[in-house]
Amino acid sequence: MQAELITIGDEILIGQIVDTNSAWMAVVLNEIGVKVKQISSVSDDEAHILAALADAETRADLVLITGGLGPTKDDITKKTLAKYFDCDEFVTHDESLKVVEQIFAKYNRPLLEVNRQQALVPKVCTPILNQVGTAPGMLFRKGNKLFISMPGVPHEMKHLMTASVLPLIKQQYQLPAIYHQTILTAGLGESFLAEKLTAIEERLPAYIKLAYLPKLGSVRLRLSTTLEASPALMAELDAFADEIMATVPEACIAKGDLPIEKVILDKMGQKDLTLSLAESCTGGEIAHQITQHAGSSKVFVGGGVTYSNSLKSKLLGVKQQTLESFGAVSEETVLEMAKGAVQNFGSDYAVAVSGIAGPDGGSEEKPVGTVWIAVANKHQAKAKRFTFGKHRIQNIERATMAAFTFLFHFLKEQED
């Protein structure tokens, strides 16, 4: 069972937006046993779209299309699909029209004819109701192949995929079972992990695969099998996962496909511990990652983006003498930041980060990419220096991941 994904829109090809839709769809399709064979992005051009559809038909059983379903003239996907499937007649999908009317009434906006026309669909398609937007999805059949078109707005696409498209695919096709056991690691690079796990990989049976899924500062190790589930098979996956964790205990964060901040929130929540933050070079990114998770308020009390030295002093109590003697990017400063966050924000634990994200501002002693991170509770504080690269965004991401990893190990030490 193979699928192809086609994203439509000039804004993708000129780099104005990043195609996150395809990445998300590939993940959820893989989870149900559908292999994505190719991902293509094409412009808002009829000839280009027709060619992409024809090429996809030769390669895939399932073609998923996003984008180009809006109300403006450059949104030509619907008309192009009608042409591809030799359909000249459009009909109104009444349920979709009701949703459009409700959305415009809710926001007290005038309903224009161009908005009504979004409920028009080619007669040969099966409309898929979009309850969170104005453009319905469309299902076309050609022999035993399915073509499904969805809006490019990410939350609308995800709603349609989850509520309608994935159940339809599972009903339409007999899909292989895919089972994963995932281990989150941090602090060791992909090549170092691979070297340490060579002996285990060589002993894996042919029906179990180990994949390395790196991200800045972390690597997910994923054991996968397509065999039918059985207690023996699940036990075998678990046994290999446990052996991996025992082989690289210094790098393992958790068994399960969870981000590190969620692991920390769960760990702290179970013990009724609270956390605050004192961020400088990360600019609130650590707080952003934490607050993406529902229920984070049980643990996270808040914090401050203390970018300037004056705020480091006012909010966190960092001594002026410390800043003058050692600078904002120093062990002494981040330790005072972390201790000040615990005291002033009333939390059990705190993380503080101060660094030089770049691309300028570095020196020979403290080059761009130098970051100091501290963790503290009411009884102890520790700090560590990290040296990353010259790219600002990557430095922020790496510092965020390093802060979570440092906190995770600090919490683990308190348990021992």
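See the structure printed just above.
The structure displayed is predicted, hence computed values, not measured ones. (Residues numbered from 1 in each chain as written. Predicted model: local features only at pLDDT ≥ 70, side-chain atom pairs only at ≥ 80, totals over all residues. Heavy atoms only, no water.)

Engineer: I'd like a rundown of the pairing of strand E16 (residues 370-377), residues and numbers included.
Structural biologist: Burial within E16 is extensive, with eight of its eight residues counted as buried. Side chains of E16 alternate between two faces, with Thr370, Trp372, Ala374 and Ala376 and Val371, Ile373, Val375 and Asn377 buried alike. Note that strand E15 (residues 349-355) and E16 share seven bridges and pair antiparallel. Among the inter-strand pairings, alanine 352 is bridged to a residue of E16, identified as alanine 374. Relative to strand E17 (residues 381-387), E16 is paired through seven bridges, and the arrangement is antiparallel. Paired with alanine 374 across the two strands is alanine 383, which belongs to E17. Connecting E16 to the next strand, E17, in antiparallel fashion are three residues. (Buried < 20%, exposed > 50% of the residue type's maximum accessible area, 1.4 Å probe, protein only. Helix = DSSP H or I, 4+ residues; strand = E, 2+ residues; numbered from the N terminus. Pairing = 2+ DSSP bridges.)

Engineer: Please give an account of the packing of aromatic side chains that cites residues and values.
Structural biologist: Scanning the entire structure with this criterion turns up six aromatic pairs. With centroids separated by 6.0 Å and ring planes inclined at 50°, the aromatic side chains of tyrosine 84 and phenylalanine 147 adopt a geometry described as tilted. Linking tyrosine 84 in helix H4 (residues 77-84) with phenylalanine 147 in strand E8 (residues 145-150), this pair joins segments that are 63 residues apart in sequence. A relative accessible area of 1% means that phenylalanine 147 is categorised as buried. Where phenylalanine 85 meets phenylalanine 140, the ring centres are 4.6 Å apart and the plane angle is 5°; that geometry is what we call stacked. (Phe/Tyr/Trp six-rings, centres within 6.5 Å; stacked < 30°, edge-to-face > 60°.)

Engineer: Give a description of the sheet that holds strand E7 (residues 137-142) that names residues and reports values.
Structural biologist: In any sheet, the strands associate via hydrogen bonds between backbone groups, in a parallel or an antiparallel arrangement. A sheet is described by the order of its strands in space; here six strands give the open sequence E2-E1-E3-E8-E7-E6, paired in mixed fashion. With one partner strand each, in any of the chains shown, strand E2 (35-42) and strand E6 (126-128) form the two edges of the open sheet. On average, adjacent strands in this sheet sit at an angle of 20° to one another, irrespective of strand direction. Summarising the sheet, strand E1 (residues 2-8) and E2 pair through seven bridges and their orientation is parallel. By the bridge assignment, isoleucine 8 is partnered in E2 with valine 42. The strands that helix H2 (residues 20-31) touches are E1, E2, strand E3 (62-66) and E8; relative to E1, the one it contacts most, it runs at about 160°. Against the sheet, helix H3 (residues 46-59) contacts E1, E2, E3, E7 and E8, and its axis sits at roughly 170° relative to E1. (Axes fitted to C-alpha atoms, helices over the stretch in contact; angles between N-to-C directions. Contact = heavy atoms within 4.5 Å.)

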